[in-house]
Amino acid sequence: QVQLVESGGGLVQPGGSLRLSCAASGNIFSLYGMGWYRQAPGKQREWVATIRSGGSTIYAESVMGRFTISRDNTKNTLYLQMNRLKPEDTAVYYCNTGRPPIHGYWGQGTQVTVSS
């Protein structure tokens, strides 16, 4: 049974930084690339970034150059370092397998609010 638990969200001012974590139970890291997704109020969930099993990364254009995805396979933990945050980054952030995500793996997410 795979369980993904996101943490690290909070309230931050524009231009600030946050680091999100995603702890995974089950043998997911050795099988899949992993990704971060987000859902803003009133909008559909969107893909943010993926790190493949080999370590290569890809990003949505809206976060490129500001966000960094990484993983620690020894800890079964996925990270998202978010710098130069903007109000439009406000959303609930989720981790899951890289595109496509697996429906049954969605966790509760972690809220990120960027506001002055």
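Residues numbered from 1 in each chain as written. Predicted model: local features only at pLDDT ≥ 70, side-chain atom pairs only at ≥ 80, totals over all residues. Heavy atoms only, no water.

Caption draft 1: Expanded view of the overall build of the protein chain. The secondary structure content of the protein chain amounts to zero helices and ten strands. Along its sequence from the N terminus, the protein chain presents helices and strands in the succession β-β-β-β-β-β-β-β-β-β. Taken over the C-alpha trace, the protein chain has a radius of gyration of 13 Å; the compact-globule value for 116 residues is 13 Å, and the two agree within 12%. Overall, the C-alpha framework of the protein chain stretches about 40 × 25 × 20 Å when taken along its three principal axes. (Helix = DSSP H or I, 4+ residues; strand = E, 2+ residues; numbered from the N terminus. Rg over C-alpha atoms; globule rule 2.2 N^0.38 Å.)

Caption draft 2: Molecular detail of the nonpolar core. Core analysis: the biggest nonpolar cluster contains 32 residues, and Leu4, Trp36, Leu78, Leu80, Met82 and Tyr93 have the highest contact counts within it. Among the secondary structure elements, those contributing two or more residues to this core are β3 (18–25), β4 (34–39), β5 (46–51), β7 (67–72), β8 (77–82), β9 (91–97) and β10 (110–114). (Core = buried A, V, L, I, M, F, W, Y, C linked by side-chain atoms within 4.5 Å. Buried < 20%, exposed > 50% of the residue type's maximum accessible area, 1.4 Å probe, protein only.)

Caption draft 3: Looking closely at unusual backbone geometry. The omega torsion across Arg99 and Pro100 is 0°, close enough to zero to call that bond cis. Its identity as a non-glycine residue notwithstanding, Asn76 has a phi of 50°, on the positive side. Among the structural elements, Asn76 can be located in the loop between β7 and β8. Judged by relative accessible area, which is 25%, Asn76 ranks as partly exposed. In this structure, Arg84 takes a positive phi of about 50° despite not being glycine.

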